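Chain and residue survey
The residues making up each chain are set out below.
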Amino acid sequence: MTTTAAVAFAQENQGRFVGELKALLRIPSVSTTPEHAGDVRRAAEFVAAELTRIGMENVRLIETSTPEEVIVDDAGQARMVPARRGHPLVYADWLHAAGKPTVLCYGHYDVQPAEPLDEWKSPPFEPTERDGNLYARGAVDDKGQMWMHVKALESLMAAGAGTLPVNVRVIVEGEEEVGGEGIAAFVREHGEQLKADVALVSDTEMFAPELPTLCVGLRGMIYTEIEVHGARTDLHSGIYGGSAPNPFVALAQVIAKLKDEDGRILIPGFYDDVQKPSADELKAWRALPFDEDHYRESEVGSIALTGEPGLSVQERTWARPTLEVHGMPGGFIGAGAKTVIPAKAVAKVSMRLVPDMTPAESFAKYKSYVESLTPKGVSLEVRLIHSGDPIIVSTDNEYVKAATEAMREVFGKETVFVRGGGSIPIVGDFVRELKIPTVLMGFGLPDDNLHAPNEKFHLVNFHRGIESIVRFLSGVGA
Ligand code: BES
Ligand code: MN
Ligand code: MN
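Description of the structure in this document.

The rules behind these values
- Residues numbered from 1 in each chain as written.
- Chains lettered and ligands numbered in written order.
- Predicted model: local features only at pLDDT ≥ 70, side-chain atom pairs only at ≥ 80, totals over all residues.
- Heavy atoms only, no water.
- Buried < 20%, exposed > 50% of the residue type's maximum accessible area, 1.4 Å probe, protein only.
- Helix = DSSP H or I, 4+ residues; strand = E, 2+ residues; numbered from the N terminus.
- Pairing = 2+ DSSP bridges.
- Polar contact = N/O pair within 3.5 Å; in protein donor to acceptor, adjacent residues only side chain to side chain.
- Contact = heavy atoms within 4.5 Å.
- Donors = N, O, S within 2.8 Å, 3.2 Å for Na, K, Ca; no water.
- Tetrahedral: all angles 85-135°; square planar, octahedral: opposite > 155°, others 65-115°.

What follows concerns the pairing of strand β17 (residues 344-353). Along β17, 7 of the 10 residues are buried, which leaves the element largely enclosed by surrounding structure. As judged from the 10 bridges shared by strand β13 (residues 220-229) and β17, these two strands associate in the antiparallel manner. Within the sheet, the bridge partner assigned to Met221 lies in β17 and is Arg352. Two strands pair when backbone bridges link them, and strand β15 (residues 322-327) and β17 are joined in this way by 5 bridges, in the antiparallel orientation. Directly across from Val325, in β17, lies its bridge partner Val349.

To continue, consider the side chain of Asn167. Structurally, the position occupied by Asn167 is in strand β10 (residues 167-173). Residue Asn167 is classed as buried on the basis of its relative accessible area, which comes to 7%. Here Lys100 takes part through its backbone oxygen, which lies 2.8 Å from a polar atom of the side chain of Asn167. Here Asn167 is in contact with Trp94, Leu95, His96, Ala97, Lys100, Pro101, Thr102 and Val103, once residues within four sequence places are set aside.

Surrounding the manganese ion (ligand 3) are the protein donor atoms Asp141 (OD), Glu177 (OE), Glu177 (OE) and His451 (NE2), at 2.0 to 2.6 Å. In the primary sequence, the donor residues of the manganese ion (ligand 3) line up as D-x35-E-x273-H. Between the manganese ion (ligand 3) and the manganese ion (ligand 2) the interatomic distance comes to 3.6 Å, and Asp141 is a ligand of both metals. Pair noted here: Glu177 is in the loop between β10 and α5 (181-190) and His451 is in the loop between β21 (438-441) and β22 (456-458), with a separation of 274 residues, a long-range link.

Moving on to the coordination of the manganese ion (ligand 2). Here the manganese ion (ligand 2) is held by the protein donor atoms His108 (NE2), Asp141 (OD), Asp203 (OD) and Asp203 (OD), which lie 1.9 to 2.4 Å from it. Taken together, the 6 donor atoms surrounding the manganese ion (ligand 2) define angles of 58 to 164 degrees at the centre, an arrangement classified as irregular. One chain supplies every donor to the manganese ion (ligand 2), and in sequence these donors are spaced H-x32-D-x61-D.

Rendered as structure tokens:
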């Protein structure tokens, strides 16, 4: 049987698969940093070359860009938004399984910045194996998990003498970590080129080690900047301290009014459209193996957890919106001391959204509230950087069943259904534009340090992931 042969092929080639992944991880494809644009493209070419080598067809890079446009802002002012050169998509397909469903395999080859670098035990772009883990930026988010798809396809191709048990399209993006605008535009404009019956996404986590997990909901997000201007130029803080406005103090005053001590967001009407999880969901979440002290100590590593009282960690992180401040660029941040009142300050602030909140309405409420808080003596601008919808995926379909069966065979356990607190913006577009279900089958672990120093992939899960995907694709084709 080809499934058995494909699984055997994957097992025999484990060492090579990891070696190839290391080569991909050495490319610092940080999508947010303009200096890395060439590296991002190299990573795309690396993935495309491998898809070609394993026998996928119509392999190509799809350029993404947004044209120059004129927008009219709230004040009626026309503003020019410059053209943007995006990072390419990688596309491939194999569509010769007549009468079988088509699976759209999605992943992303871009990564988050690796900073702070001195926190890494081995350099972020020199993949290093320690204790059965592969350490590198992007190891699990998402190069390693995307590579599982490629390697599952290779294994099936090898076992099937150049054929697959289902039709497959592959789309891999290079802008997921910066909001995924390019792929969203492609899906809106050329959705028919991704026509499929189901999307398979491996970019989430397992709830616990050894516990096969399907993610059935993701939070959405709006990522914003607040820019505050005070004096015309930086000023001596002794000469002018006492008369000149300070943009950082102004920002601090604004930020302090965004959330109360219990973690409740104070933006008027922000919770209006928040949908409560069903009683069944809450019951299932309570039954998950979870030790809050262990979570606090070893995952979060803080002296206390914060958030809305009376709600579990799962409810707070999966089914409630949140608001976070990521950084406040500006002013003097070098070593030593400089006595200055900066002329300008910025805060990067994002909010996670849950069903049925929408990015547009949430941003409008936030913007008008922040503007209403503008302290005396400063001007303030609120900008939207990117956004994505929250989603819930349906579980009553044959694809979810195929996924749980595949993972039962690999892990010997029943799959748990969880939601994720993170966001994958394109999944909402798969649901809305392509009108297909999505299977979120991820193999990260809670301690894999996504977006943080010492990101890793537990290699056992890399191999189990490949086998699960082989079995899933075979199951869908059966
Ligand atoms: N893979 C993550 C999202 C994720 C992680 C979902 C774990 C569920 C569990 C993804 O790469 C990610 O980090 N997305 C960004 C999206 C944002 C920049 C629009 C995020 O969630 O911050
Ligand atoms: Mn990811
Ligand atoms: Mn990520």
